[in-house]
Amino acid sequence: MTSTREVNNLSKNKTNSKTFSMDDSELVSDPPNDRGKLTTRIVWSILTEVLCFVFTVALVMINTSQIQAIFFWSTLCSIVFLNMANGIYNSSVFGMAAKLPAKYIGAVVLGTYLSGTFTSIANIASISITPDAQTAAIYYFATALFVLLTCFNTYFALPLNPKPKWLFIPVVLRVILIPLFLVCNYHPIGVTRIMPVVIENDYVFWALGAILGLSSGYYSSVAMMYIPGCVEPKYSGIAGMFGAAVLLTGICSGILFGMITPFIVKYVSI
C-alpha cells in the first residue's frame, strides 16, 4: 500500500517535472517580440562597448598633452557609456539564462568572475610584451576588442549549427587557408624565402589567423556535440572518446605541418 509520504513525493516530482518542461518550452517558444528585444539589447550593448574601446585606443594613439581637459572628460564619458552598456549586456544574459536550469545560471556567474581573472592576465601579458606604456595599452584594448567581436559573432553563429551530414563542407573548405598563409608575408627565422609574397599586408595575415582559430574552435565544438547523437546511446561514450582522439590527432597533425612550412617557402617557387 502506498504511503501518504510517497504519494506526496510523487506528486512533488510530477510538479517539478512540469515546471521544468514549462521552462524549456518557454525558452524555445518565446514570442518573437521578446526575442527581438533581447537581441536588440545584446547587439547594441556590444556595439556600444566596441565603439568605446575603439575611441579609447584612438585616444591612446594621439598626443593629448595639449588637450588634457578634453581627454579627461571624454575618457570619463566613455567609461560611463561602457559601464552602462556592460550592465545592459549582463542583465540580458542573466535574463536569458534564468529560463534554463540552475546550473546554467551558475555557469554565467562563474564566467562573470573569471572575466576579472582574464582581464588581469591580459593586463600582465600586455605589459610584459613591451616596456612602452602606450604600446601596452594598445595591445590591452585590442584584446578587449577581439573578445567583444568574438561575443558578437558567436551570439549569431551558435544557432547556425550545420547538420551533421553537411558539417564536413566548412571543415574541408578551411584547407584553402593553408596556401593563403604561404603566400602572405611569412618569413620564418633563419630561412631565406624564395616563394614570392603575394599578400604583403600583415593585417590580412592576422585576419586569416583569427579566422583559422575561431573556425577551428567553433566547428570542433559542433562536431563534438554531434558525435554522441550519431550512434546508439550505448555507444555514445565510446564515440565521444573516438571523437576526442581524432580531434587531438588533428591538432598534432597541424603542429607537425607547421614544422614543414618553412621548407615549403624555402624550396618551392611559384
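This text gives an overview of the structure that appears in the document.

Cut-off values and rules
- Residues numbered from 1 in each chain as written.
- Predicted model: local features only at pLDDT ≥ 70, side-chain atom pairs only at ≥ 80, totals over all residues.
- Heavy atoms only, no water.
- Helix = DSSP H or I, 4+ residues; strand = E, 2+ residues; numbered from the N terminus.
- Buried < 20%, exposed > 50% of the residue type's maximum accessible area, 1.4 Å probe, protein only.
- Areas by Shrake-Rupley, 256 points an atom, 1.4 Å probe, with all protein chains shown as cover.
- Lys, Arg positive; Asp, Glu negative; His and termini not counted.
- Salt bridge = Lys/Arg side-chain N within 4 Å of Asp/Glu carboxyl O.
- Polar contact = N/O pair within 3.5 Å; in protein donor to acceptor, adjacent residues only side chain to side chain.
- Contact = heavy atoms within 4.5 Å.
- Expected span 1.5 Å × (residues − 1).
- Phe/Tyr/Trp six-rings, centres within 6.5 Å; stacked < 30°, edge-to-face > 60°.
- Bend = angle between axes of the 7 residues up to and from the residue.
- 1 Å grid on protein atoms, 1.4 Å probe; cavity = no way out; pocket = protein on both sides within 12 Å on 5 of 7 lines; lining within 4 Å.
- Points joined across faces, edges and corners; volume = space filled by probe spheres on them.
- Nonpolar A, V, L, I, M, F, W, Y, C, P; charged D, E, K, R; others polar.

## Structural notes on the overall build of the protein chain
No. 1: For the protein chain, the count of helices and strands is nine helices and zero strands.
No. 2: A burial count over the protein chain gives 19% of its 270 residues as buried.
No. 3: Total accessible area on the protein chain stands at roughly 18,900 Å², and carbon and sulfur atoms take up 72% of it.

## Regarding the side chain of R193
No. 1: Looking at the element boundaries, R193 is found in the loop between α7 (177–182) and α8 (202–226).
No. 2: Buried charged residue R193 carries no salt bridge. Nearest counter-charge: E200, at 9.7 Å.
No. 3: One polar contact links the side chain of R193 to the main-chain carbonyl oxygen of Y186, over a distance of 2.6 Å.
No. 4: If we ignore the near neighbours within four places in the chain, the residues touching R193 are L182, V183, C184, Y186, H187 and V265.

## Concerning the side chain of S45
No. 1: Tracing the sequence through the fold places S45 in helix α2 (residues 32–61).
No. 2: Looking at S45, its side chain comes within polar contact range of the main-chain oxygen of R41, at 2.8 Å.
No. 3: Setting aside its immediate chain neighbours within four residues, S45 contacts A85, I88 and Y89.

## A few points about the environment of W44
No. 1: Locating W44 in the fold gives a position in helix α2.
No. 2: Here W44 falls in the exposed class, since its relative accessible area comes to 56%.
No. 3: Sequence separation between W44 and A85 is 41 residues; the distance between their C-alpha atoms is 8.0 Å.

## With respect to helix α3 (residues 68–97)
No. 1: Over its 30 residues, α3 extends 43 Å from the first C-alpha to the last, a length consistent with the 44 Å expected when each residue adds 1.5 Å.
No. 2: For α3, every residue scored as buried is listed here: S74, S78, A85, S92, V93 and A97.

## Comments concerning the environment of S74
No. 1: With respect to the helices and strands, S74 occurs in helix α3.
No. 2: Separated by 15 residues in the primary sequence, S74 and L59 have C-alpha atoms spaced 9.3 Å apart.
No. 3: Setting aside chain neighbours within four positions, we find S74 in contact with F55 and L59.

## Structural notes on the packing of aromatic side chains
No. 1: Applying the stated criterion across every chain yields a total of six aromatic pairs.
No. 2: An aromatic cluster of at least three residues, connected via ring pairs, comprises F53, Y140 and F141.

## Quick word on helix α9 (residues 236–267)
No. 1: With 32 residues, α9 ought to run about 46 Å at 1.5 Å a step, and its terminal C-alpha atoms sit 46 Å apart, in line with that.
No. 2: Of all the bends found along α9, the most pronounced is centred on I260 and spans about 30 degrees, while P262, a proline, follows it within four residues.
No. 3: Burial in α9 covers these residues: A239, G243, T261, P262, I264 and V265.
No. 4: In the core, the buried residues of α9 are packed alongside α7 and α8.

## Details of the layout of surface pockets
No. 1: In this structure, the largest pocket spans a volume of roughly 1,100 Å³.
No. 2: Contributing to the lining of the largest pocket are 30 residues, with N86, Y89, S115, V147 and C151 lying nearest its centre.
No. 3: For the lining of the largest pocket, the elements supplying multiple residues, two or more each, are α2, α3, α4 (102–129) and α5 (133–157).
No. 4: Broken down by class, the residue content of the lining of the largest pocket amounts to 20 nonpolar, nine polar and one charged.
No. 5: Estimated volume of the second largest pocket: approximately 960 Å³.
No. 6: Those elements that place two or more of their residues in the lining of the second largest pocket are α6 (168–173), α7, α8 and α9.
No. 7: The leading source of residues in the lining of the second largest pocket is α9, at 10 residues.

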